Amino acid sequence: AKSNPVASFLHEAKIGGLGIECASIGELSLALSSGLPSSMIVFDSPAKTRAELILALEKGVYINLDNLEELKRVEEILKARPEIASSSSLRVGLRLNPQIGAGRLEELSTATLTSKFGIPTLQYHDAILHAYRDHPWLSGVHVHVGSQGCPLDLIAQGINKGLHYVELINQAHPGRIQYFDMGGGLPVNFGDDSDTPSFKEYADFLRKHCPTLFTGKFKVITEFGRAYNAKPGIVVSRVEYTKDAGGRGIAVIHAGAD
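Since this is a predicted model, take the numbers as computed values, not measurements.

A.B. asks: Summarise the pattern of salt bridges; cite the residues concerned and give the values.
C.D. replies: Overall, the coordinates contain 10 salt bridges when judged by the stated rule. In this structure, the salt-bridge partner of Asp204 is Arg207, at a minimum N-O distance of 3.4 Å. Of this pair, Asp204 and Arg207 are both found in helix H8 (residues 199-209), three residues apart, which corresponds to roughly one turn of the helix. Overall, the relative accessible area of 37% leaves Asp204 in the partly exposed class. When the shortest N-O distance is used, the salt bridge between Arg238 and Glu240 registers 2.8 Å. The class for Arg238 is exposed, based on a relative accessible area of 52%. Residue classification places Glu240 among the partly exposed positions, given a relative accessible area of 35%. Among the charged side chains, a network of salt bridges with common partners joins Glu58, Arg81 and Glu83.

A.B. asks: Summarise the packing of helix H2 (residues 25-33) against helix H3 (residues 50-59); cite the residues concerned and give the values.
C.D. replies: Remark: H2 packs on H3, axes separated minimally by 11 Å, with the N-to-C direction vectors making an angle of 20 degrees. In terms of orientation, H2 lies roughly parallel with respect to H3. The two elements H2 and H3 cross, and the hand of that crossing is left-handed. From H2, Ile25, Leu28 and Leu32 reach across to H3, where they touch Glu52, Leu55, Ala56 and Lys59. Tallied by class, the residues present in the contact of H2 with H3 amount to five nonpolar, no polar and two charged.

A.B. asks: Run through helix H7 (residues 152-172), naming residues and quoting values.
C.D. replies: The terminal C-alpha atoms of H7, which comprises 21 residues, lie 30 Å apart, in line with the 30 Å expected from a rise of 1.5 Å per residue. For H7, the elements touching its buried residues are strand S4 (92-97), helix H6 (125-134), strand S6 (138-142), strand S7 (179-181) and H8.

A.B. asks: Tell me what's going on with the nonpolar core, and back it up with residues and numbers.
C.D. replies: Judged by nonpolar contacts, the single largest core of 57 residues is most densely connected at Leu57, Leu94, Ile159, Phe180 and Tyr202. It is H7 that contributes the most residues to this core, nine residues altogether. Residues contacting Phe180, with those up to four places away along its chain left out, are Val141, Val143, Ile159, Gly162, Leu163, Val166, Leu213, Phe218, Lys219, Val220 and Ile221.

A.B. asks: Before we move on, can you summarise the side chain of Ser109 with the specific residues and values?
C.D. replies: Mapped onto the secondary structure, Ser109 falls in the loop between S4 and strand S5 (119-120). Within the structure, Ser109 has its side chain in polar contact with the backbone nitrogen of Gly103 (distance 2.9 Å). Residues in contact with Ser109, not counting those within four places in the same chain, are Ala102, Gly103, Ser115, Val145, Gly146 and Cys150.

Rules and cut-offs
Residues numbered from 1 in each chain as written. Predicted model: local features only at pLDDT ≥ 70, side-chain atom pairs only at ≥ 80, totals over all residues. Heavy atoms only, no water. Salt bridge = Lys/Arg side-chain N within 4 Å of Asp/Glu carboxyl O. Helix = DSSP H or I, 4+ residues; strand = E, 2+ residues; numbered from the N terminus. Buried < 20%, exposed > 50% of the residue type's maximum accessible area, 1.4 Å probe, protein only. Axes fitted to C-alpha atoms, helices over the stretch in contact; angles between N-to-C directions. Parallel < 35°, antiparallel > 145°, perpendicular 65-115°, else oblique. Left-handed = near helix turned anticlockwise from the far one by under 90°. Contact = heavy atoms within 4.5 Å. Nonpolar A, V, L, I, M, F, W, Y, C, P; charged D, E, K, R; others polar. Expected span 1.5 Å × (residues − 1). Core = buried A, V, L, I, M, F, W, Y, C linked by side-chain atoms within 4.5 Å. Polar contact = N/O pair within 3.5 Å; in protein donor to acceptor, adjacent residues only side chain to side chain.

Here you go:
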């Protein structure tokens, strides 16, 4: 929903068997109104309010928690709402920052030492494991290396870091992790109409470098909205004025202004 929050498109995505990942309450509302089952919706906002968390928990969507304070807030909600805590639709995971470094575009890389999203694994390794020990309703792990400019080997490295935590958690609590959200970030080449790398190339790469993804021991969630929508999209605008600045022709358009 973040990459294309258009109701008609979400309806087509539903028909095609795709789920919907949401990064805001507006997107979550769109997803819920699309008729898609809650089990196919992921709520990822890093700044969820208490009311938003309660709504998501009541609806049974899968929730990725961004930080330990948010984990504490959900714990408080579940203590106050035992009917949600005991619901079979309760599905909550933690977003981890694998801290493996930046891709070509540092601004769009989300796995550096100081990235703002997720729980830093180097700094909070023990706290992460204790969180799963103390909260048996945590059933997922989420990582996301970046949105563009990240090579496949860096993405695979981040995925494997997340899978390492899946292994550690399941060793201590057998069968605990039921969901692994590997994020998105498949690079898009804007130079021509070819898709390089393609989804097939990416899948083949992951089979070789992240084989645990394909064992069937947990459900794998992906967030490929941007990769799906980057190429089909176009921008149409009207030229309102033209002017010259030092020999440079400038067209003043509405896109980006209105």
